[in-house]
Amino acid sequence: MFSKDVQDLSLHVTFDNSRLRVKIADSAKQHWEVPQSLMSPDPSYHPADPAISLLKFSYTESPFAFTVSRKDNGDVLFDTRDHQFVFEEQYLELTSSLPKDANIYGIGEVIGRFRRDPENTVQAMWARDAGSPDYQNIYGDHPLYIELREGKAHGVHILNSFGMDVLLKDQTVSYKTLGGVLDFSFFAGPTPARVMDQYTATFGRPHQIPYWALGFHQCKYGYKSIGEVAGVVANYSLASIPLETMWTDIEYMDMFKDFTLDPINYPLDKVQAFIKKLHANNQHYILIVDPAIARNDSYPAYLDGLKKDVFIKNPDGSNYVGQVWPGYTVFPDWFAPNTQQWWTQHIATFMNDVPIDGIWIDMNEPASFCQGSCGSTRTGIPPYPWKDPNYKPDVPQDFPEPNYAIHNYYGNLSAKTAPTNARHFGGVTEFQAHNLYGHMEAIATRSSLIEINPAKRPFVLGRSTFTGSGAYEGHWLGDNHSKWSQLIDSIAGVLSMQMFGIPFVGADICGFSDDTTEELCLRWMQLGSLYPFSRNHNAIDMIPQEPYLWPSVAEASRKALRTRYQLLPFMYTLFEHSHRSGAPVWNALAFEFLDQKNLLSVDRQFLLGRSVLVSPVLEKGASTVNAIFPPGIWFDYHTYKHIQGPKTVTLDAQTDGHMPLHIRGGHILPLQGSALTVAEARQTPFNLVVAFSRCGRSKGSLYIDDGTSLEVGLNFSSIKITANHTTLSTQGYFGYNAIPDIQKITLVGLPSTHALVHKSNTVKFAEPIHANITTVIDGPFATVTLEGIRLPLNRPFTLHF
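Owing to the predicted nature of the structure, the values given are computational and were not obtained by experimental measurement.

Q: Could you clarify how one ought to interpret the nonpolar core in this entry?
A: Most often, soluble globular proteins have nonpolar side chains that are buried together. If you look at the biggest cluster of nonpolar residues, it comprises 209 residues, and the most contacted ones within it are Met-246, Tyr-285, Trp-586, Phe-591, Leu-608, Leu-728 and Ile-745. Element by element, the count of residues in this core is highest for helix α8 (residues 484-499), at nine residues. Setting aside residues no more than four positions away along its own chain, Met-246 makes contact with Gln-218, Tyr-223, Val-229, Val-232, Val-233, Phe-274, Leu-278, His-284, Tyr-285 and Ile-286. Counting 31 residues, the second largest nonpolar core, distinct from the first, contains Leu-77, Leu-98, Met-164 and Val-166.

Right under this line is the structure:
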């Protein structure tokens, strides 16, 4: 069809209990594959006998086709029969049948609805420096989908770093890739959470975040000086709005060169004094680092890189030269043997002078403003090529396009990135490994930070991601726009990244490009206060949008972030569950209520874990929300008034009120007090909010450790909390002692006929406790609050009431 057929193929099938791997490769092993060293599988994964697998594999040899089905009910999940199969040197194609109107989620990174259109999806996989175009390829490459079918979920993933199209149409899913092998993994589920568990066990569990990362973050591209940055921090304090971490974009650098400071606007002594003051207040500072290294003969990072031979090459062996913010630049080759040591050395030297708390890696598709190598003789900061009619590359552009053109929206695969003919160490071409570049930089950066401080959890936030990136970094959704539509799209973006094993994710609050408005920023601060990664950030030349600049936004931000900081122990526990099992921190309603067909396309509401329903305002001028309540009983987070689902309810959501949140009956939330910093909030007493189900039971959990140690050892607590109408108890492992007591318990959803009967308050290990008890009746239910108590969380207890 498009290139020479490969005549001899081999089929490799590997089973475990809930996962099935099917790899179709050239028998001569000439086709490049993603190195397994770039994945971080759970060590508990072991292949198993097919007899115990939940999935069944069947195939025919001529014509070759295969099926994957469930053993329990025979449901065929993947079926290549009656579809074209092609395996050529530069084109591979495999197609499977799908049910009519299939419920498919994933296939990213993409901006658009959470549920993919089963009849009109064309998704290119080619990492691309592009801000926020709808349904086009952007920064990351994640060819995973989860399908919901008849109340069950399964997942399908292909591991391949070449350019690729994934298409949904005519009741099929098709994979069309420009090379490599067809390395599929099938995940039996049968719930979305189990698919995520199986997926992250195969490719890498989400990394354990530092506790402070859950605080609120502030950035802007264009802070002119360290004095302006310090002024922003001071204004947050004056406005009594929580601020955990301050960020600075490329303007802090000397002529945009990594590992440098602008000596005029960001002098070393003033930056050091600023960081010292931040740290004294338990706040943090993060700086951006781009992979592009200025081609400058007086620049140590460049000269040392030349000496160690760590840069990407042209076909003739010269260094590939692109063009990024510092001008003509070279790019680290993460395959080269000396690159890790070189990268670590220069990060360490910089951090020895500038003790930042994490690194933000950007522009790592990699992005370049010229097409092809810009040459070996030019220096300085040039005009952008697309504005220079006389621009020509110094090195001839010899990167022929493949005969099959994937739907890369820049067209030419070498546009705005390293050319496909660029060479990495070992003869690997950019054509083969392009989609791995940002992923490999994240691995290298995390490794550097661990080598610099082996005891401390590293913080890395990256732009271009790949399968397994969540084991090394968090992610933000890129250069969005200050538009209501992009506020809406951010929910689907965060939900999709949960699927891909990157739970620590968020969008730029109030929007990056364009000028925001007061109302839009207010509503975005409300929603963004519950992003897993919560950061306000916008572009240079856009109006400032720090939330304290408008009185209404400041007040809404105080309320929203007060709620976030109360929820920190609950959210940190969700992240620990995600780290251990891949469980989502944000959860789609369709993924939790598998039997509710009306929820299949809902992506304007979501759940925190399984316990809190979030119903944000997403439309200009709106003061109400039409919220869908799934089956069960739900209690308003602030008032504890109940709603019995399933039903749709119009909720009041005035700009001067709270974003609607509802606790799911049957769930317990461990809360603490609000504060301006995470460290201060962690010292406040606990409040257990126990929301009972209709059957009078509730359960929850709490994970706690010091929040910073890379290896926690035995110094953690993992506590299970259970309750019924007469008993509340804790059990589990209690290894962390520096934890405040429970001083408040709120029992929500008690039968109102029983709520006023007070029998006894006793704990098994101590004298009878005394509590101030208040009761509020809400129809058939009552909320009973016990205050003034002291129950320890460093050992188990049972409370009878």
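Having seen the model, we can carry on.
Q: When you look at the packing of aromatic side chains in this model, what are you seeing that I'm missing?
A: For any pair of aromatic rings, the description consists of the separation of the ring centres together with the inter-plane angle of the planes. Counted by the stated rule, this structure contains 50 aromatic pairs. Ring centres 6.3 Å apart and planes at 40° place the aromatic pair Tyr-252 and Phe-350 in the tilted group. Within this pair, whereas Tyr-252 is found in the loop between β17 (245-248) and α3 (268-280), its partner Phe-350 is found in helix α5 (residues 339-353), the two being separated by 98 residues in sequence. Arg-535 extends its terminal NZ or CZ atom over the ring of Trp-360, reaching a point 4.5 Å from the ring centre.

Q: Is there a simple way to think about the sheet that holds strand β2 (residues 19-26) in this case?
A: Two strands in a sheet stick together by hydrogen bonds in their backbones, pointing the same way (parallel) or opposite ways (antiparallel). Read across the open sheet, the seven strands follow the order β1-β2-β15-β12-β11-β8-β9; overall the sheet is antiparallel. The strands lining the two open edges of the sheet, one partner per strand, are β1 (9-15) and β9 (115-116). Packing of helix α1 (residues 192-203) onto the sheet brings it into contact with β2, β11 (142-149), β12 (152-158) and β15 (182-187), and relative to β15 it is tilted by some 140°. Lying on the sheet, α8 is in contact with β8 (103-108) and β11; it crosses β11 at an angle near 95°.

Q: Explain the pairing of strand β14 (residues 172-177) here, please?
A: The two faces of a sheet get side chains in turn, since along a regular strand they alternate between them. Most of β14 sits inside the fold, with six of its six residues counted as buried. Both faces of β14 are covered, namely the face carrying Thr-172, Ser-174 and Lys-176 and the face carrying Val-173, Tyr-175 and Thr-177. Strand direction decides the pairing type here: strand β7 (residues 92-97) and β14, joined by six bridges, are antiparallel. Within β14, the position partnered with Ser-96 by the bridge is Val-173. Counting the residues between successive antiparallel strands, the hairpin from strand β13 (residues 164-169) to β14 contains two residues, one of them, Asp-170, with a positive phi of roughly 50°.

Q: I keep staring at the confidence of the model for the chain and nothing clicks. Help me out?
A: Predicted confidence across the chain gives a mean pLDDT of 95, with 97% of residues reaching 70 or more. The lowest-confidence element of the chain is strand β40 (residues 762-763), averaging 44 in pLDDT; the highest-confidence one is strand β16 (residues 217-218), averaging 99. Below a pLDDT of 50 lies the segment residues 757-767, which in the model reaches 22 contacts outside its immediate sequence neighbourhood of four places, other chains included.

Q: Before we go on, may I ask you to explain the pattern of salt bridges in this structure?
A: Pairs can form between side chains of opposite charge once their charged atoms are near each other. Counted according to the given criterion, the structure contains 28 salt bridges. Asp-603 is paired through a salt bridge with Arg-113; the nearest N and O atoms lie 2.8 Å apart. One end of the pair, Asp-603, is in the loop between α12 (589-592) and β29 (606-608); the other, Arg-113, is in the loop between β8 and β9, with 490 residues separating them in the sequence. Put simply, Glu-576 and Arg-580 hold a salt bridge, and the shortest N to O gap is 2.6 Å. You can see Glu-576 and its partner Arg-580 sitting in helix α11 (residues 568-581), four residues apart, about one turn around the helix.

Q: For this particular structure, what's the right way to read the side chain of Gln-486?
A: With respect to the helices, strands and loops of the structure, Gln-486 is situated in helix α8. Since its relative accessible area comes to 7%, Gln-486 is described here as buried. One polar contact links the side chain of Gln-486 to the main-chain amide nitrogen of His-481, over a distance of 3.0 Å. Not counting residues up to four positions away in its chain, the partners in contact with Gln-486 are Ile-111, Ser-132, Asp-134, Asn-480, His-481 and Trp-524.

Q: Even after reading the chapter, I still don't get the sheet that holds strand β30 (residues 612-614), so can you show me in this structure?
A: Spatially, the six strands line up as an open sheet ordered β28-β29-β30-β33-β31-β32, and their pairing is antiparallel. Of all the strands in the sheet, just β28 (586-587) and β32 (642-652) have a single pairing partner and so form its edges. Of the pairings in the sheet, the one linking strand β31 (residues 624-636) to strand β33 (residues 661-664) comprises three bridges and is antiparallel in character. What sits directly across from Trp-634, in β33, is Arg-664.

Q: Even after reading the chapter, I still don't get unusual backbone geometry, so can you show me in this structure?
A: Across the chain, the bulk of peptide bonds are trans and the bulk of non-glycine residues have phi less than zero. The omega torsion of the bond from Gly-189 to Pro-190 falls at 15°, within 30 degrees of zero and hence cis. The omega angle of the peptide bond from Gly-645 to Pro-646 is 5°, so this bond is cis rather than trans. Although it is not a glycine, Glu-150 adopts a positive phi angle of roughly 55°. With respect to the helices and strands, Glu-150 occurs in the loop between β11 and β12. At Asp-309, a position not held by glycine, the phi torsion is positive, near 60°. Position of Asp-309 relative to the elements: it lies in the loop between α4 (300-308) and β20 (322-324). You can call Asp-309 partly exposed: its relative accessible area is 46%.

Rules of the game
- Just so you know, the residues in each chain are numbered from 1, in the order the chain's sequence is written.
- Reporting of local features is limited, given that this is a predicted model, to residues whose pLDDT is at least 70; pairs of side-chain atoms are given and counted only at 80 or more, and all residues count toward the totals for whole chains, interfaces and linings.
- Side-chain figures throughout are based on the complete set of non-hydrogen atoms in the structure, without hydrogens or water.
- To qualify as a nonpolar core, a set must consist of buried Ala, Val, Leu, Ile, Met, Phe, Trp, Tyr and Cys residues joined through side-chain atoms within 4.5 Å.
- Think of it in three bands: residues with accessible area under 20% of the maximum for their type are buried, residues over 50% are exposed, and the middle band is partly exposed, with areas taken using a 1.4 Å probe on protein chains only.
- Strands are runs of DSSP state E lasting at least two residues, helices are runs of H or I lasting at least four, and both sets are numbered from the N terminus onward.
- Residues are treated as being in contact if the distance between any of their heavy atoms lies within 4.5 Å.
- For Phe, Tyr and Trp, rings pair up if their centres lie within 6.5 Å, where Trp contributes its six-membered ring, and each pair is then called stacked (planes under 30 degrees apart), edge-to-face (over 60) or tilted (otherwise).
- A positively charged side chain is recorded as over a ring if its NZ (Lys) or CZ (Arg) lies within 6 Å of the ring centre. The angle to the ring normal must also be within 35 degrees.
- Only when DSSP finds a minimum of two bridges between them are two strands counted as paired.
- To get an axis, fit a line to the C-alpha atoms, keeping to the stretch in contact for a helix; angles then go from 0 to 180 degrees between the N-to-C directions.
- The score called pLDDT rates the predictor's confidence residue by residue, from a low of 0 to a high of 100.
- A pairing counts as a salt bridge when a side-chain nitrogen of Lys or Arg comes within 4 Å of a carboxyl oxygen of Asp or Glu.
- Within 3.5 Å is the distance limit for a polar contact, defined as a pair of N or O atoms, with the added protein rule that one can donate a hydrogen and the other accept it, and that residues adjacent in sequence qualify only through two side-chain atoms.

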